[in-house]
Each structure stands twice: as C-alpha cells, then as structure tokens.
Amino acid sequence: MAVNLKKFTNKPELFTSGHRLCAGCGIATIVRQVLMAVENPVVISNATGCLEVGSTIYPYTSWKVPWIHSAFENSAATISGVETVYEALKEEGSVTEDIRFIAIGGDGGTYDIGLQALSGALERGHNFTYICYDNEAYMNTGMQRSSASAYGSWTTTTPLGKIGKGKAIRKKPLTDIVAAHRIPYVAQAAPGHWRDLMNKVQKALATEGPSFLNILQPCVPGWRIEPYVSMKVAKLAVETCYWPLYEVENGVYRVTVKPKEKKPLTEYLELQGRFRHLLAEEQRPLLDELHAEVDTAWEELLAKSSPAETKTAE
Amino acid sequence: MAIRVAYTGNGACAQAMRQVEPHMVAAYPITPQTEVVEEFAQFAADGKVKTKFLPVESEHSAMSACIGGAAAGGRVMTTTASQGLAYMWEMLFVASGLRLPIVMGVANRALSAPINIHGDHSDAMGARDSGWVQLYCKTVQEVYDTLIQAVRIAEHGDVHLPVMVCYDGFSVSHSLMDLEMLPEGQVKDFVGRFTPRHPLLDIANPVTYGPLALYDFYFEYKRQQVEAMANALDAINEVAEEFASLSGRRYSAVEHYRLDDAELALVSLGSTASTIEYTVDRLRDEGIAAGALRIRTFRPFPQDAIREALSPVKAVAVMDRAESLSGWGGPVGIEAKAAFYETETRPLLLDVVYGLGGRDVGIDGIREVFSELKKATDNGKVPEPVYYLGLRD
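Everything numeric here is computed off the predicted structure, so don't read it as measured data.

**Some remarks on the interface of chain B and chain A**
Across the boundary between the two partners, chain B contributes 40 residues, which contact 44 residues of chain A. The contact between chain B and chain A buries some 3200 Å² in all, and 67% of this surface belongs to carbon and sulfur atoms. The three residues of chain B that bury the most area against chain A are Leu201, Ile203 and Leu212 of chain B, which together make up 20% of that side's buried surface. Connecting chain B to chain A are 3 salt bridges. Two residues, glutamate 57 of chain B and arginine 124 of chain A, come together in a salt bridge whose shortest N-O distance is 2.9 Å. Contributions of two or more residues to the side of chain B that touches chain A are made by strand S3 (52–55), helix H3 (59–72), helix H4 (82–97) and strand S9 (208–209) of chain B. Element by element, the count of residues in the side of chain B that touches chain A is highest for H3 of chain B, at 9 residues. Here the side of chain B that touches chain A is built from residues that sort into 25 nonpolar, 11 polar and 4 charged. Of the strand pairs in this sheet, strand S2 (residues 67–68) of chain A and S9 of chain B are connected by 2 bridges, and their pairing is parallel. If you follow isoleucine 68 of chain A over to S9 of chain B, its bridge partner there is tyrosine 209 of chain B.

**Structural notes on the confidence of the model for chain B**
Summing up the model confidence of chain B, the mean pLDDT is 97 and the portion of residues at 70 or higher is 100%. Scored as a complex, the prediction yields pTM 0.97 and ipTM 0.97.

**Here we look at the state of the cysteines**
One pass over the structure, following the stated rule, counts 0 disulfides over all chains. Free cysteine: cysteine 66 of chain B, not disulfide-bonded; nearest cysteine sulfur from cysteine 13 of chain B at 13 Å.

**Considerations on the side chain of arginine 152 of chain B**
Residue and element names in this part refer to chain B. By the element assignment, arginine 152 lies in helix H6 (residues 140–155). Looking at arginine 152, its side chain comes within polar contact range of the main-chain oxygen of phenylalanine 190, at 2.9 Å. When neighbours within four sequence positions are excluded, arginine 152 is seen to be in contact with Phe190, Val191, Val239 and Glu242.

**Focus on H3 of chain B**
Residues and elements named next belong to chain B. Its 14 residues give H3 an end-to-end C-alpha distance of 19 Å, which sits within 8% of 20 Å, the value for a rise of 1.5 Å per residue. The buried fraction of H3 is high, at 14 of 14 residues. Capping of H3 at its N-terminal end is provided by serine 58; its side-chain oxygen lies 3.3 Å from the backbone amide nitrogen of histidine 60. Taken from the residues just after H3, glycine 73 is the one with a positive phi, measuring 120°.

**A closer look at the packing of aromatic side chains**
In total, this model carries 16 aromatic pairs over all chains according to the counting rule given. When the ring of tyrosine 130 of chain A is compared with that of phenylalanine 212 of chain A, the centres are 6.0 Å apart and the planes differ by 15°; the resulting orientation is stacked. Remark: phenylalanine 212 of chain A occurs in strand S6 (residues 211–216) and tyrosine 130 of chain A occurs in strand S4 (residues 129–134); sequence separation between them is 82 residues. For the residue pair tyrosine 130 of chain A and phenylalanine 212 of chain A, the accessibility class agrees, reading buried in each case. Ring centres of phenylalanine 190 of chain B and phenylalanine 243 of chain B lie 5.5 Å apart, and the angle between their planes is 75°; on these two criteria the pair is classed as edge-to-face. Residue phenylalanine 190 of chain B is located in helix H7 (residues 184–191), and its partner phenylalanine 243 of chain B is located in helix H8 (residues 218–247); the two are separated by 53 residues in the primary sequence. Accessibility assignment for this pair places phenylalanine 190 of chain B and phenylalanine 243 of chain B in one class, buried. Of the aromatic side chains, those joined through ring pairs into one cluster are Phe15, Trp63 and Trp67 of chain A. Its guanidinium or amino end placed over the ring of phenylalanine 43 of chain B, arginine 18 of chain B lies 5.6 Å from that ring's centre, counting from NZ or CZ. Its end group placed over the ring of phenylalanine 298 of chain B, arginine 299 of chain B keeps NZ or CZ at 4.9 Å from the ring centre.

**What about the sheet that holds strand S15 (residues 348–353) of chain B?**
In a beta sheet, neighbouring strands pair by backbone hydrogen bonds and run either parallel or antiparallel. All names here are of chain B. Reading across from one edge, S10-S12-S11-S14-S15-S16 is the order of the 6 strands in this open sheet, with mixed pairing throughout. Taken across any chain shown, the strands that pair with only one partner, and hence form the sheet edges, are strand S10 (254–257) and strand S16 (386–388). Between one strand axis and the next, the sheet turns by 25° as a mean value, whatever way the strands run. Bridge analysis of strand S11 (residues 264–268) against strand S12 (residues 290–295) gives 5 bridges, and the strand direction is parallel. Residue serine 268 lies in a different strand from S12, and its bridge partner there is arginine 294.

**A short note on the packing of helix H2 (residues 26–37) of chain A against helix H8 (residues 194–206) of chain A**
Residue and element names in this part refer to chain A. In contact at an axis separation of 9 Å, H2 and H8 are set at 50° when each is read in the N-to-C sense. Comparing the axis directions of H2 and H8 gives the class oblique. Here H2 and H8 pass one another in a crossing that is right-handed. In contact with Gln33, Val34, Met36 and Ala37 of H2, H8 contributes Trp194, Leu197, Met198, Val201 and Gln202. In terms of residue class, the contact of H2 with H8 is made up of 7 nonpolar, 2 polar and no charged.

Parameters at a glance
Residues numbered from 1 in each chain as written. Chains lettered and ligands numbered in written order. Predicted model: local features only at pLDDT ≥ 70, side-chain atom pairs only at ≥ 80, totals over all residues. Heavy atoms only, no water. Contact = heavy atoms within 4.5 Å. Buried area = accessible area lost by both parts, 1.4 Å probe. Salt bridge = Lys/Arg side-chain N within 4 Å of Asp/Glu carboxyl O. Helix = DSSP H or I, 4+ residues; strand = E, 2+ residues; numbered from the N terminus. Nonpolar A, V, L, I, M, F, W, Y, C, P; charged D, E, K, R; others polar. Pairing = 2+ DSSP bridges. pLDDT = per-residue confidence, 0-100. Disulfide = S-S within 2.5 Å. Polar contact = N/O pair within 3.5 Å; in protein donor to acceptor, adjacent residues only side chain to side chain. Expected span 1.5 Å × (residues − 1). Buried < 20%, exposed > 50% of the residue type's maximum accessible area, 1.4 Å probe, protein only. Phe/Tyr/Trp six-rings, centres within 6.5 Å; stacked < 30°, edge-to-face > 60°. Lys NZ or Arg CZ within 6 Å of the ring centre and 35° of its normal. Axes fitted to C-alpha atoms, helices over the stretch in contact; angles between N-to-C directions. Parallel < 35°, antiparallel > 145°, perpendicular 65-115°, else oblique. Left-handed = near helix turned anticlockwise from the far one by under 90°.

If you want it as structure tokens, here you go:
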C-alpha cells in the first residue's frame, strides 16, 4: 500500500478551500491528507469543535462527502447508527456501494466527554475509523485544559500565577486506552509526516472492524505559534519523540518513524507560547519532569515494539 | 384475521416494532421499559426480524445512533423511560432539529431525586419542548395501535419530525390486557416502504447534516419546525382515519367521554383516563353530569379542540401526573389555562397534581376531584389553583 503523491494530488479535493479555520490550522491539513488517502466513498461523522464550526457555516459547507454533526460527545455513537443502517440497507439491496465510515473528534470530544461513546462503539466492533485530532486543549472557545493537555503546559484554565505553573497533571494516554480495547488497528500520526499519516489512514480504512488514529494537531492561536510554523512544530513533535509515530496492529506495537537522531525537547517547546515558561531557569524542575516523562514513554514504546519492524525516519 | 392475545404494554410495544420491522433499533434497557429491549433482542436472535438490533452503552448513544441511522436513510426506533429519556435530552433536540422521523416508545416513569421506578409523567413532560410529537396511550391496545401510526405520522411529508409514544410505567407497561393485533402483512403495508429525504448514504449527492447556523439562519430553521409541528395535528387525524379503516379502532387528538352535556369534567393523559371514565359512569348513575376529556396528543397541543370541548362545561379539573415546580401547578394544567385565555366563556379550572412516583389513584380519588369541582361551582370559584390529590399531610 505505497502512498503515491502524484496520484493523490490528481484526485479531486473532497475538503474544499474557503473554510473558516485559522491560517496554519493543523486540522485542515489533516483532513486534506485523510481525504486524499481514501479510495472508497466515505461518510463522516464530526463532533462539535473547530473542524465542525470552521467548515460548515450554513449555508456553506467545505465537505464534498456526506457529513453529519450531531453533538460534542457522540461522534462515535452517531457513526454507529450510520454504519448499522448501512449494513441493513446493503442486505436489503437498496445500497450497493462499498462505503467506509469515519468519525472525527477533537481531544475534548474524544479523550474527555466522548470517551464513553468511543469505548462503546469500539466494543461493539463497528466497521469504522475514529480519528482524534489532538491539539491538547479545548480550542474553539479559547485554550482551556483538557485531559490531553500536556504536563506543565499553559492553558487558560491552568494559568501561570504565584502558585500556578501550568497543568500539574499528566496527559491521558488515550492511544493506549484505545489499544486496550483490542481493536485490530490503532495508530498515532502527525501531519508533518504526511506519508506516514496517509499510509495509516489507508490501513485503518482497510481494517475489518474498528480502527483508531490519534493525530497531533498544531493549533495556531492556542499553542501561541505563527501560522507558518505549524507543520514545523508537528515535525519537531515527532523528531523530539514528544509525539511518537507508531501503530498497534492486532496487538503488535511498531514504531513507524524512528528519528535518526532524537532532537532536544526544548527545540519543540521553545517555538510555542504555551510552553515558553518552562524554559525559564527557575522552572527547570518542571521541564526536567516533562522531559523525563517523554523519554520514559519513548523507551517503553521501543521496548514493547517489535524491533525488526521499527522503521527509521523517512 | 386479527389476532387476539393478552399482552403487557411493553409486549405490545415490542410486537408493534416487530411488525413494523425497522432497519435499526438502538436501545438501552431501563426500568420500566426493559422488557421491550429484551423482547426485541429475542426477535432479532430468533431471526423473526431483519432489523439490526444495536445494544448500545447508554441512552445518549441510543438516541445518537438513531440520529445517525435515520440520517443515513433508515427507519429507526428506540424505547426508553425516566432517567434514560433525561439522558437523551440533548439529543432529542438534535433529532427534531435535523427533522429525523425517529419513533420512540416511552414507558413513563418518575425522575430522580429521590429515585423512584414507578409511573408518572415527569420524564416526558421534561421533554415536551424538544420538538417531538408526543402521543399518550391509555391501554395496551393503544400502545400497539399508536406505535404503528407513529411511524406514518413521523414520516408524513408535512411533518418529518420524531414521535414519542408514551405509556404509563407499570400500570400499562407491565399490565396484561387484551390486545388485538393486525395480521403480519397488514402492518407492513400500512407503514409502507420508508423513503428517506437526503440520506447520507446517497454518495452521489453528498449532504451536510447539522451545520453551524448562526443568527442569520437559526431562527428560520426553528420557524420551519414550528410549522411542521402544527401540521402534525392534521397528519395525526389523517393517519388515524386510515388506521380506523384497517382496524376498526378510531383515534383522535382529544377524546371525549360523556362530555356533550357535562357540567363537571376531568382532563387527563394516559391510563388514568380509564379510571376516570369508569367513575364518570358511576356518577352519571347517581345523576351527576360528569364527563371526561383525554388529551391523546400533547405535542402539538390541540388547544382548539380543548377549548371547543370544555368551554360549555362549568368546572374542569386538569389531572397532572407531573409537577412543573413552577409554584403554579403542573404542565398540563398551565397549558390548559393558557388555552382559555382568549375565550369568552371558560370553565372554572382546577389543576390537580396526582399520582407522582406511581402513587395509586382509584375511583375514590377521582370522586374526590369531582366533589371539589362541585364545591367550586357552588362557590363560583376554585378554592386554590392547585389541588394535591392523595397527598399525606
């Protein structure tokens, strides 16, 4: 399943330009990459969030594929119904196309309020792919902490102050939580590594049963970054092992992109306003803790990954 | 040939769902609705229906899946009660706002706290403004008949709204009563084949369901829902007529019982109407001009029919099996009062809150209400606007 750039760029755009997402927003890039990678017709269910709000201001829509938004926490439950009726109509003979189903939610709609609906849909084994775009906070009303927010990061609800030093709680390990459901395909991706991302989309959509992609999404206003650096930040997240790219296929872990040389975490952090306070000398202990956590997670991932399968950087 | 059997309200609900055989039933069990889920699961397990049965992890997901399924282009159904309906609350508005013709049975039950599993209407009354058509059933037979008609009402071209078929927890959901079922094929013929509007699975014509509509369009969306709801009254009568020619059982939005020359009347929803009608007969034997009106359709609210039926009556008691906690009585009483605001003649009107949490109301209780009405007519006014029937001091 080699990803062919030329083929993809010749495909019609299924997510059109003219949306209201921020300049440099990672989710627009992610959705374009996802939709370029699809080969079958797809139906998408989208949780409430930036993507939904920014792409469907009535009477306009950016979606050239069937799309439904019902609420914040139920993207997975909504697609469960769509997929189930698809099975019924296929048996009845009134639908003949080989359609794939994608549910999309942000980290708030997935790690937090939507976790129950996601878990239920995974357990029931629906044939669908869930895509979480993780920008590590609730974004569409600002930059409030979510359970995906990083340890030590600044958000408007974990602000800095006399006592406050940013988020004092670790990020929820959602990819592992999903993998613990023992579904056939789970992966982490990032839009800076587009070939890896699109390969994973194709694998996920080809999977019989549920599949899950957790995709890191740079957020320009929330992360306090310039629009032109969002893909650079996405790449650095991978190169510093802050956001490892890996997949779990039928329980087997495999690192899909192993940086040739692991870059210092500070290169990733210093580009972003939400982490800048960590670089001050007096915050050294916090930085060390975050660093230790990133390193430990990476070592643990390597230890449980099949070494023969681990690929080095593209 | 019609089939005569004894069934509970839940059994009748499940049987009607089996005969309609929708594309999907997504449901979560909750007292007193659980039997419906169990029985329908058995039909699916026995291969008696082709319906996809989706046992979800919560009522919120049950309604979410129904929304997805109906938008996909399927005929979908669910059932719930009490906390389950409350847990669906957010999604009820999405279902009606997206104009999805979902049919849902509700075995009415009290809401927490304190927790209580028995029948009252506080669950459905909490959902009264969610944009769903609400029909209330009196008997097991009505549960069956109404659920079948609800499919046609929901999918009616002028309506296209979700429909809630309400029946009292335990007193109907678990009571065995006589049920006359239609022959298998007749139900299928009556509901017909579902033709979805703009289904998601029409890949060649992609649609965007549930976009963001701001102050420039949201208002118009809602206004269209108002019109659809208003259209539902005609649709309910139209479908009822057609159902009558099939079954011989005729229904209307409001049902009169010995009301033509009545001086005192009780208005109610659901199963209490049976007790009221029995008591009306006894009172008539005693020479008292008693009558009853049953509101079968609470949403849309049939205010014209209610005004017409009750304006000539001297005193009316509106039986509310829910408290609105407004300090001003129950929801039905308040709406009934509003219906008379612009009439020239109106009856004395007493709001009676009764039966909360399944507290039984029998013939004596109904007699008590009629005697309160008698007192009101003697004095020319109701003693206080809300009467709590059967409440201990």
